[in-house]
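# Summary of the model geometry
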Amino acid sequence: MALVVWILTTAAPSGGSAKESDLVGIWHGRQGAELTLRADGTLATANFPTSFASDDETPVEFFTGNGTWTLEKKDSGEDQDIKLSLGETAGSKQGAWLRVAGKNAGGGIYVPISVDRPKKFVFSKPS
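A short tour of the structure in this document, coming up. Everything numeric here is computed off the predicted structure, so don't read it as measured data.

## Digging into the side chain of T36
Of note, T36 is situated in strand β2 (residues 34–37). We classify T36 as buried; its relative accessible area is 16%. Beyond its immediate stretch of four places on either side in the chain, T36 contacts G25, I26, T42, L43 and A44.

The structure is reproduced here in structure tokens:
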């Protein structure tokens, strides 16, 4: 009698693979939102959503201006974080987080709207 051993493998999740060079460029979202990530770590944005309505998750507050960005390094398959510093308002620094979707940001970048629901405000880069 022969012993048969099955080895099951699964593909590694595709997140965690983006590099800064994958993210550099102009990204577009709904409602005229635009985000420009530059190779030197600076950014420019217009109509970037900073707050969402609790009932239907529509953006209700926006930021237009300049700032900086950094990409979190991850070895795991999780979506990576992009930390945005969006300048100061009344002496207080504003910031936001984006997430990278898919291998090399192929699924775009997004603002997670709610931790309770999988809703997101997605930005995509034209081909």
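Next, the rest of the story.
## Remarks on unusual backbone geometry
The backbone phi angle of N47 is positive, close to 55°, even though this residue is not glycine. Here A105, not a glycine, exhibits a phi torsion of approximately 65°, which is positive. On the secondary structure map, A105 appears in the loop between β6 (92–100) and β7 (109–112).

## Description of the packing of aromatic side chains
With the rule as written, the count across this model stands at 3 aromatic pairs. With a centroid separation of 5.7 Å and 15° between ring planes, the pair formed by F48 and F123 is classed as stacked. Separated by 75 residues along the polypeptide, F48 in strand β3 (residues 42–52) and F123 in strand β8 (residues 120–123) bring together distant segments of the chain. Just as F48 is buried, F123 falls in that class too. Owing to a relative accessible area of 0%, F123 belongs among the buried residues under this scheme.

## Points about the environment of E72
Mapped onto the elements of the fold, E72 is located in the loop between β4 (59–71) and β5 (81–89). Each C-alpha atom of the pair E72 and K83 lies 7.6 Å from the other, and the pair is 11 residues apart in sequence. Beyond its immediate stretch of four places on either side in the chain, E72 contacts Q80 and D81.

## Some remarks on the pairing of strand β1 (residues 25–28)
Bridge count for β1 against β2 is 4 bridges, and the pairing is antiparallel. Note that in β2 the partner of H28 across the bridge is E34. Linkage of β1 to β2, two consecutive antiparallel strands, is achieved through a turn of 5 residues, within which Q31 is found at a positive phi near 55°.

## What to know about the pairing of β4
Pairing of β3 with β4 involves 8 bridges; the strand directions are antiparallel. By the bridge assignment, L43 is partnered in β4 with G67. What sits between β3 and β4 in their antiparallel hairpin is a turn of 6 residues, with E57 showing a positive phi close to 60°.

Reading the values: rules and limits
Residues numbered from 1 in each chain as written. Predicted model: local features only at pLDDT ≥ 70, side-chain atom pairs only at ≥ 80, totals over all residues. Heavy atoms only, no water. Helix = DSSP H or I, 4+ residues; strand = E, 2+ residues; numbered from the N terminus. Buried < 20%, exposed > 50% of the residue type's maximum accessible area, 1.4 Å probe, protein only. Contact = heavy atoms within 4.5 Å. Phe/Tyr/Trp six-rings, centres within 6.5 Å; stacked < 30°, edge-to-face > 60°. Pairing = 2+ DSSP bridges.

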